[in-house]
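What the coordinates show
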Amino acid sequence: METNHPKWRRNAGGALPLFCILLIPTLGGAQTIAGRWVTVDRVLDNGEKLISILELKQDGNQLTGTVKSESFSMDVHGTATGNQFELFGPRSATRPMITGDLANGELHGMVFGRREFTAKPATAADQIPEVKYIAPPPLHDVPSNGLAKTPPMGWNSWNLFAGKVDDATVRSIADAMVTSGMRDAGYIYVNIDDTWQGVRDANGVLQPNHKFPDMKALADYVHSKGLKLGIYSGPGPRTCAGYPGSYGHEEQDAKTYAAWGIDYLKYDWCSAATIYKNSELQPVYQKMGAALEATGRPIVYSLCEYGMGHVETWGAKVGGNLWRTTGDINDSWQSMIGNVEKQVPTAPYAGPGHWNDPDMLEIGNGHMTDDEYRTHMSLWALVAAPLLAGNDIRNMSEATKAILLNKEVIAVDQDALGKQASPVKNGDMETWVKPLADGSVAVGVVNMGASAAQATVNASDLHLPGAVKSARDVWKHEDVRFTDGKYTAEVPSHGVLMLRVKAE
Ligand code: GLA
C-alpha cells in the first residue's frame, strides 16, 4: 500500500509509504487487531522490499500504536469494533487515516479511503533498517548560481502522473511542449518528479529504474527540443514515495545528475524528518546546494520542505533558486487559494534568482472551473510564483491553452523586477497589486464570493507615480478606461479581474 498524503507526514515532511499492522494471537487463541504487522510498500528493481511496520496495542476497543517505515514514523490511535478497525494519525485528525478489517489472519484495508493494503503478521526478520546519523556540514553561504532571474517555467509530472511517469511519457510531453506553443511561451523545464529512481550500483551510483532506461539519452532528447530536464530527490534515505533518496550520497548524486545533463533539481525533505531536526534544515539543504555548485553545471535548485523553518529567510543562502512555502496543492479551489494565501508573509523574500513557491499548477486537471483556473494563473503571476504546469500538455482543451499560454499574464509573472504581490481584502473581493519593472502595475481582483459581483479597481490603491494613462484587461486582451479614478467590471464567482495599468 503506497501512501503519499501530506497528513501522513511528520512535521508535514516525509509521506508515510506503505505500512503494516500487526496481529498477535491473544486470549483463548483468538486473533485480535493488536500485534505487529508488516506490509510491503515497494519492491525495488533489485528485489529489495521496502516495508512498513504497524505495532498496535488494544485496551477494550481502544487501539494505540505506531506505524514506521524508512520514510516515516508516526503514533496512531483508534478503535476496534469486532473485526473492523479505524486508525487516526495526529490527535487532531478528524478523519481516519487507515480503515480495515481482520480476516483470515491478515489486515485488509484502505489508507485515506484511497489506497488498499494487506498486512501480515510480522516476524522477527521484519525490521526497519537502522540509519546512521550523518552530521550536516557547518553553515556557509553557497554562492548564487545566477539562474532563475525570473520564476522558473515548465512542466512537472507529479500532479497528474504521480507514479505513472516514464521515459515515453516525458518524451511525448517534451514533443507537446513544442507543438502546443508552451516552450515558445517560456515553459522550458520538463521536470520528472518522484518515482524515477532505481537502485545504487556497487559504487553507490544511483541508477534510474526500469521506467527510465537511459536518463542521459532522455536528457539529450529533451535538450534537442530546446527544453531542459529536471529531476527529483531528497536529503533523506527515501523519497516521499519510498524510493532511494540522496542521504549520504549527495555529492555523488549531484555528479550523476550533471553527467546525465540535468538542469533542475527538486529536493524534497520527506524521510529526512526521521533523521534530522528542523533546526538542521539549513545545513542539510546547503549540503546539496554546495554539491550542485561543485559540479560546475548550471542546475536550478528547488527546495521542497513545505515552508518549515522560515525557509524564505535562508533558502537563497544555501544555493536555492526557489522553495516551497506550503504543503502539496491539489486540484481544488480551497487548496489553491489556501496555498497562495500562505505565501503572504514570504513576500519580502522573493526576487530575481530566488522565489517563493506555492506549488505547481493544477490548470487543466479538471476539478476547478475555467474561472477558477484563470484565478489560479493570475494569482501565481501576481505573486511571482514558478509556473510549472501539472496537466497533460498532450491533450489540452482550448480553454486550458488560452489560460496557460496567456502571454500578457505570463509577462506579469516573468517581470524583471520580481516583486511578489500581497492581498488587500474588502468583503468578498481580494485585491493583489504587483509593481512592474516598467513603472506600471498589475492588479488582480478575485471574487471569493459565491455569486458574480462588481469589482472596482481604484487608481489610488495602485501606488502609481501619476494619473492612469492606460489600462488593459489581460484576460479579455482589450484596453479599458478608468473613469473618475476607477474601473469597475463584473467578476464571476471565484473569477478574477486582472489589469495592467500604466501611469502618465
Ligand atoms: C511530496 C512533494 C510533492 C511530490 C511528492 C512526490 O509530497 O511535496 O510535490 O514531489 O512528494 O512523492
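Residues numbered from 1 in each chain as written. Predicted model: local features only at pLDDT ≥ 70, side-chain atom pairs only at ≥ 80, totals over all residues. Heavy atoms only, no water.

**A few points about the environment of Ile134**
For clarity, the cut-off: Comment: elements are numbered from the N terminus, with helices defined as DSSP H or I runs of at least four residues and strands as E runs of at least two. Any two residues whose heavy atoms approach within 4.5 Å are treated as being in contact.
Following the sequence through the fold, Ile134 ends up in the loop between strand 8 (115-121) and strand 9 (153-156). In the structure, Ile134 is positioned 150 residues away from Val284 in sequence and 10.0 Å away in space, judged by C-alpha atoms. The residues contacting Ile134, other than those within four sequence positions of it, are Tyr247, Gly248, Tyr276 and Lys287.

**A closer look at the state of the cysteines**
We apply this condition: In this description, a disulfide is simply a cysteine sulfur pair whose atoms lie within 2.5 Å.
Counting across every chain of the model gives one disulfide. Among the cysteines around Cys304, which has no disulfide bond, Cys240 carries the closest sulfur, lying 6.8 Å off.

**Thoughts on the sheet that holds strand 23 (residues 468-473)**
Strand pairing in a sheet is mediated by backbone hydrogen bonds. Such pairs are either parallel or antiparallel. Definition in use: Here the rule is simple: two strands pair whenever DSSP picks up at least two bridges between them. For helices, the fitted line uses only the C-alpha atoms of the stretch in contact; every axis is such a line through C-alpha atoms, and the angle between N-to-C directions lies from 0 to 180 degrees.
One open sheet accounts for six strands, arranged 19-20-21-26-23-24; its pairing is antiparallel. Each of the sheet's edge strands pairs with one partner strand only, and the pair in question is strand 19 (422-426) and strand 24 (478-480). Put simply, the sheet's adjacent strands are angled 25 degrees from each other on average, direction ignored. As paired strands, strand 21 (residues 441-447) and strand 26 (residues 496-503) are joined by six bridges and run antiparallel to one another. Looking at strand 26, one finds that Val441 is bridged to Val501. Against the sheet, helix 8 (residues 370-382) touches strand 20 (429-435), strand 21 and strand 26, its axis set at about 35 degrees to strand 26.

**Some points on the pairing of strand 14 (residues 264-268)**
Operational definition: Think of it in three bands: with a 1.4 Å probe and only protein chains considered, a residue is buried below 20% of the maximum accessible area for its type, exposed above 50%, and partly exposed in between. If the strands point away from the viewer and the path from the first strand over the helix to the second runs clockwise, then the crossover is right-handed.
For strand 14, the tally of buried residues reaches five of five residues, placing the bulk of the element in the interior. Of the two faces of strand 14, the one lined by Tyr264, Lys266 and Asp268 and the one lined by Leu265 and Tyr267 are each fully buried. Relative to strand 14, strand 13 (residues 228-233) runs parallel, the two being bridged by four bridges. Looking at strand 14, one finds that Tyr232 is bridged to Lys266. Handedness of the strand 13-helix 5 (residues 250-260)-strand 14 crossover: right-handed.

**Concerning the domain arrangement of the protein chain**
Using the following cut-off: As used throughout, domain bounds are those supplied by an automatic or database domain assignment. Whenever Lys or Arg places a side-chain nitrogen within 4 Å of a carboxyl oxygen from Asp or Glu, that contact is recorded as a salt bridge. Distance and chemistry together define a polar contact, namely a pair of N or O atoms within 3.5 Å, with one atom able to donate a hydrogen and the other to accept it when in protein, and with adjacent residues in sequence counting only for side-chain atoms on both sides. Charged means Asp, Glu, Lys or Arg here, nonpolar means Ala, Val, Leu, Ile, Met, Phe, Trp, Tyr, Cys or Pro, and polar covers whatever is left, Gly included.
With domains assigned, the protein chain is organised as domain 1 (6-121), domain 2 (153-413) and domain 3 (422-503). Computed from C-alpha atoms alone, the centre-to-centre distance between domain 1 and domain 2 is 31 Å. Every contact between the two is made by 18 residues of domain 1 and, on the other side, 23 residues of domain 2. The interface formed by domain 1 and domain 2 includes two salt bridges. Of the charged contacts, one joins Glu48 and Arg238 as a salt bridge, the two residues approaching to 3.2 Å between their closest N and O atoms. If you look at where domain 1 meets domain 2, you find five residue pairs in polar contact (both at pLDDT 80 or more). Of the residues assigned to the side of domain 1 that touches domain 2, the class counts are six nonpolar, six polar and six charged.

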